[in-house]
Amino acid sequence: MITTALSAVIGATRAKVWHAITDPKQVIRWDEPMRALLEPAKAYPRVGQQVRWRYHLGTIPVVYHER
């Protein structure tokens with residue numbers, strides 16, 4: 001088994017980081033392959049929630065199922 005660990009220093013407050021990873025509009029701004037949330041998601045993210053994103057793997061458009 002191979003384990004990989006990564007870390008980063010982010011120059012922002014915890015509140016700003018949380019907003020960036022929980023607001024779909026913000027996710028699209030910083031996560032370049034993400035293009036759009038395919039259906040509205042109330043109170044994103046929630047435990048057990050499933051959402052679908054329009055996503056690009058290089059030049060190939062795909063649907064990314066987030067669980």
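Above this text you will find the structure in question.
Not measured: the values here are computed from a predicted model.

### Some points on the pattern of salt bridges
So, point 1. According to the stated counting rule, one finds 1 salt bridge in the structure shown.
So, point 2. Salt-bridge contacts for R52 lead to E39; the nearest nitrogen and oxygen are separated by 3.3 Å. Taken together, the residues R52 in strand β2 (residues 51-57) and E39 in the loop between β1 (34-37) and β2 connect sequence positions 13 residues apart.

### Topic: the sheet that holds strand β3 (residues 60-66)
What links the strands of a sheet is backbone hydrogen bonding, and the strands pair in either a parallel or an antiparallel sense.
So, point 1. On the basis of which strands lie adjacent, the open sheet formed by 3 strands has the order β1-β2-β3 and antiparallel pairing. Edge strands, defined here as strands with exactly one partner in the open sheet, are β1 and β3. Here the average twist between neighbouring strands, direction ignored, is 25°.
So, point 2. Relative to β3, β2 is paired through 7 bridges, and the arrangement is antiparallel. Looking at the pairing, V51 lines up with E66 of β3.

About the thresholds
Residues numbered from 1 in each chain as written. Predicted model: local features only at pLDDT ≥ 70, side-chain atom pairs only at ≥ 80, totals over all residues. Heavy atoms only, no water. Salt bridge = Lys/Arg side-chain N within 4 Å of Asp/Glu carboxyl O. Helix = DSSP H or I, 4+ residues; strand = E, 2+ residues; numbered from the N terminus. Pairing = 2+ DSSP bridges. Axes fitted to C-alpha atoms, helices over the stretch in contact; angles between N-to-C directions.

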